[in-house]
Amino acid sequence: QVQLVESGGGLVQAGGSLKLSCATSGGTFSGYTMGWFRQAPGKEREFVAAITWTGTTSYADSVKGRFTISRDNGKSTVSLQMNSLKPEETAVYYCAARRGTARTVVETLYDYWGQGTQVTVSS
């Protein structure tokens, strides 16, 4: 059973930056595709970014050029660097893990989820 624990959320002003981290345990981290999703109040959870075990990345169009996902297989962690944050990106951000490398944007294909970390962007 894979456990995921997110950290790094908080309050930031619009235009600011935050770096989220996700620590994993209980599985072979290097074999998993890791993703970040977010859920804003009153909205459905949505894909943000993903990185396969080979390092291939994918991003939601809304975050391209501002967010960067990375992974450290030695430390079994995945990070999300978020720059130029916008108030509408206030949400709970979730780390997720799955086997396979296809269709990384599809939420239902992820098997393991963290509890989430709150990101609040003030205007």
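As the structure is a prediction and not an experimental result, all values here were calculated from the model.

Undergrad: Please set out empty space enclosed by the protein residue by residue, giving values where relevant.
TA: If you walk through the whole model with that rule in mind, you get 1 cavity of 30 Å³ or more. If you add up the space inside the largest cavity, you get close to 40 Å³. For the largest cavity, the full set of lining residues is Val2, Leu4, Thr24, Ser25, Gly27, Thr28, Phe29, Tyr32, Met34 and Ala97. Grouping the amino acids of the lining of the largest cavity by side-chain chemistry returns 6 nonpolar, 4 polar and no charged.

Undergrad: Could you give me a rundown of the environment of methionine 34, with the residues and numbers involved?
TA: Within the secondary structure layout, methionine 34 lies in strand 4 (residues 33-39). Looking at methionine 34, the relative accessible area reads 1%, which means it is buried. In the structure, methionine 34 is positioned 26 residues away from alanine 60 in sequence and 14 Å away in space, judged by C-alpha atoms.

Undergrad: Which residues make up the sheet that holds strand 7 (residues 67-72), and what values go with them?
TA: Read across the open sheet, the 4 strands follow the order 1-3-8-7; overall the sheet is antiparallel. Strands at the two margins of the open sheet, each flanked by one partner only, are strand 1 (3-7) and strand 7. On average, each strand axis in the sheet is tilted by 15° relative to the strand beside it, whichever way the strands run. In the sheet, strand 3 (residues 18-25) pairs with strand 8 (residues 77-82) via 6 bridges, with the strands oriented antiparallel. Within strand 8, the residue paired with cysteine 22 across the bridge is valine 78.

How each quantity is defined
Residues numbered from 1 in each chain as written. Predicted model: local features only at pLDDT ≥ 70, side-chain atom pairs only at ≥ 80, totals over all residues. Heavy atoms only, no water. 1 Å grid on protein atoms, 1.4 Å probe; cavity = no way out; pocket = protein on both sides within 12 Å on 5 of 7 lines; lining within 4 Å. Points joined across faces, edges and corners; volume = space filled by probe spheres on them. Nonpolar A, V, L, I, M, F, W, Y, C, P; charged D, E, K, R; others polar. Helix = DSSP H or I, 4+ residues; strand = E, 2+ residues; numbered from the N terminus. Buried < 20%, exposed > 50% of the residue type's maximum accessible area, 1.4 Å probe, protein only. Pairing = 2+ DSSP bridges. Axes fitted to C-alpha atoms, helices over the stretch in contact; angles between N-to-C directions.

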